[in-house]
Amino acid sequence: GAVVSQHPSWVICKSGTSVKIECRSLDFQATTMFWYRQFPKQSLMLMATSNEGSKATYEQGVEKDKFLINHASLTLSTLTVTSAHPEDSSFYICSALRRELADTQYFGPGTRLTVL
Amino acid sequence: SQQGEEDPQALSIQEGENATMNCSYKTSINNLQWYRQNSGRGLVHLILIRSNEREKHSGRLRVTLDTSKKSSSLLITASRAADTASYFCATGGNQGGKLIFGQGTELSVKP
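The structure presented is a predicted model; accordingly, all values stated were derived computationally and were not measured. (Residues numbered from 1 in each chain as written. Chains lettered and ligands numbered in written order. Predicted model: local features only at pLDDT ≥ 70, side-chain atom pairs only at ≥ 80, totals over all residues. Heavy atoms only, no water.)

Undergrad: Pulling in residues and values, what's your account of the overall build of chain A?
TA: Assigned secondary structure in chain A consists of 0 helices and 11 strands. The helix and strand sequence of chain A, counted from the amino end, reads β-β-β-β-β-β-β-β-β-β-β. For 116 residues, the compact-globule estimate of 2.2 N^0.38 gives 13 Å, and the C-alpha radius of gyration of chain A, at 13 Å, lies within 12% of that figure. Dimensions along the principal axes, computed over C-alpha positions, put chain A at roughly 40 × 25 × 20 Å. Put simply, chain A has 116 residues, and 53% of those count as buried. Long-range contacts, defined as pairs at least 24 residues apart, comprise 55% of the intrachain contacts of chain A with a sequence gap of at least 6. Summed over all atoms, the accessible surface of chain A reaches about 5600 Å², with 53% contributed by carbon and sulfur. Each charge sign in chain A was given a centre, from 11 positive and 10 negative side chains, and these centres are 5 Å apart. (Helix = DSSP H or I, 4+ residues; strand = E, 2+ residues; numbered from the N terminus. Rg over C-alpha atoms; globule rule 2.2 N^0.38 Å. Buried < 20%, exposed > 50% of the residue type's maximum accessible area, 1.4 Å probe, protein only. Contact = heavy atoms within 4.5 Å. Areas by Shrake-Rupley, 256 points an atom, 1.4 Å probe, with all protein chains shown as cover. Lys, Arg positive; Asp, Glu negative; His and termini not counted. Charge placed at Lys NZ, Arg CZ, Asp CG, Glu CD.)

Undergrad: Could you give an account of a nonpolar patch on the surface, with specific residues and numbers?
TA: A surface patch of nonpolar side chains, amounting to about 390 Å² of accessible area, comprises Trp10, Ile12 and Leu116 of chain A. Structurally, the position occupied by Ile12 of chain A is in strand 2 (residues 10–13). (Patch = residues over 30% accessible without salt bridge, like charges linked within 9 Å, V, L, I, M, F, W, Y side chains within 5 Å. Salt bridge = Lys/Arg side-chain N within 4 Å of Asp/Glu carboxyl O.)

Undergrad: Which residues make up the pairing of strand 9 (residues 85–92) of chain B, and what values go with them?
TA: Residue and element names in this part refer to chain B. With 8 of 8 residues buried, strand 9 lies mostly within the body of the structure. Here strand 9 shows two buried faces, one formed by Ala85, Tyr87, Cys89 and Thr91 and the other by Ser86, Phe88, Ala90 and Gly92. Note: strand 4 (residues 31–37) against strand 9, 7 bridges, orientation antiparallel. Within strand 9, the residue paired with Gln37 across the bridge is Ser86. Bridge analysis of strand 9 against strand 11 (residues 105–110) gives 3 bridges, and the strand direction is antiparallel. Within strand 11, the residue paired with Tyr87 across the bridge is Thr105. Sheet topology note: the strand 9/strand 10 (residues 99–101) ladder contains 3 bridges and is antiparallel. (Pairing = 2+ DSSP bridges.)

Undergrad: Tell me about the packing of aromatic side chains, and name the residues and values.
TA: By the definition in use, this model includes 8 aromatic pairs over all chains. Here Tyr36 of chain A and Phe101 of chain B contribute two aromatic rings whose centre-to-centre distance is 5.5 Å and whose plane-to-plane angle is 90 degrees, an arrangement assigned as edge-to-face. Of this pair, Tyr36 of chain A sits in strand 4 (residues 32–38) while Phe101 of chain B sits in strand 10, each in a different chain. Phe101 of chain B carries the same exposure label as Tyr36 of chain A, and that label is buried. Grouping aromatic residues by their ring pairs yields a cluster made of Tyr36 and Phe107 of chain A together with Tyr35, Phe88 and Phe101 of chain B. (Phe/Tyr/Trp six-rings, centres within 6.5 Å; stacked < 30°, edge-to-face > 60°.)

Undergrad: Outline the pattern of salt bridges, supporting the account with residue identities and numerical values.
TA: Summed over the entire model, instances satisfying the criterion amount to 7 salt bridges over all chains. Linking Lys66 of chain A and Asp88 of chain A is a salt bridge whose minimum nitrogen-to-oxygen distance equals 2.7 Å. Separated by 22 residues along the polypeptide, Lys66 of chain A in the loop between strand 6 (57–58) and strand 7 (67–73) and Asp88 of chain A in the loop between strand 8 (76–81) and strand 9 (90–97) bring together distant segments of the chain. Each member of the pair, Lys66 of chain A together with Asp88 of chain A, is buried. Here Asp83 of chain B and Arg60 of chain B are joined by a salt bridge, their closest N and O atoms 2.9 Å apart. Remark: Arg60 of chain B occurs in the loop between strand 6 (55–58) and strand 7 (61–66) and Asp83 of chain B occurs in the loop between strand 8 (71–76) and strand 9; sequence separation between them is 23 residues. Taking relative accessible area as the criterion, Asp83 of chain B reaches 7% and is therefore assigned buried.

Undergrad: Account for the state of the cysteines, with residues named and values stated.
TA: In this structure the tally under the stated criterion is 2 disulfides over all chains. Bridging Cys23 of chain A to Cys94 of chain A, the disulfide has an S-S length of 2.0 Å. With the S-S bond torsion at 80 degrees, the cross-link from Cys23 of chain A to Cys94 of chain A turns out right-handed. Taken together, the residues span a long stretch of sequence, with Cys23 of chain A in strand 3 (residues 19–25) and Cys94 of chain A in strand 9 at a distance of 71 residues. Here Cys23 of chain B connects covalently by a disulfide to Cys89 of chain B, the sulfurs 2.0 Å from one another. Every disulfide takes its handedness from the sign of the S-S torsion; for Cys23 of chain B and Cys89 of chain B that torsion is 70 degrees, giving right-handed. Of this pair, Cys23 of chain B sits in strand 3 (residues 19–24) while Cys89 of chain B is found in strand 9, placing the two residues 66 residues apart along the sequence. For the pair shown, Cys23 of chain B and Cys89 of chain B are each scored as buried. We note that Cys13 of chain A lacks a disulfide partner, and the nearest cysteine sulfur, in Cys94 of chain A, lies 18 Å from it. (Disulfide = S-S within 2.5 Å.)

This is how it looks when you write it as C-alpha cells:
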C-alpha cells in the first residue's frame, strides 16, 4: 500500500514563532499533495493544493502568506505556519495523489499543532 | 467549503448490528469516496465508487451511489467494536483530484 508520513506528529510552540510540517510520500511519487486542516469534532477543510515545481493553489479564505507551501520534489511537500497564533492550533493533515491511481489520495497521520 | 452533509452525525450500535451512514452532495461528481478516521489519527481510504457505478462491495462494506438524488450510503455489516471511528464521505470532481469532505458520522460500536 501507499504510505504517507508527516513530521512532526505533534508540536507545541510559542505565539509568534513559525512551524514547518513535512509531508512525504514514502513509496510513490506524488505530483500533487493536499493540505487540510481539522478542528476537533469537525470535518477536514481543504487549505491548498500543492503541485510539484509550481506555486500552491489556495482555497478561498486561506492566507497564502500565513500558510507557506513548498513542493520541492515528487515526494515532499512542506507547510510552514508563519507567526503562529493560538487560533492556528489545529490538526493538519496532508495527502498525496498517486499518479497511476489518480483518483485516490493517501493521507498522512496528521500533525497536532498547539500554539501557546 | 463543505460539499454536503452526512447523517446521522452520530450513531451508536451494539456489536453485530449493521451500521448505515448516508451522505448527500450538491454538485456533479466524478467519484465518491469513503474514509475512516480513528480519533486523532489520519484518514484511511475505505472505498471509491465512480459516478457510473451504483453499488460496490469490499468485505463487510457496501456502498451505494444514486447520482439522481446526489446521495450515497455506506453500510457496515456485522459491526465490531474496532469499527468505532468517524466516517467521512468525500466527493471528487474533475479538479485535479481535489476532494470535498462531508461533515462525518461518528460511529460507536459497543461490545
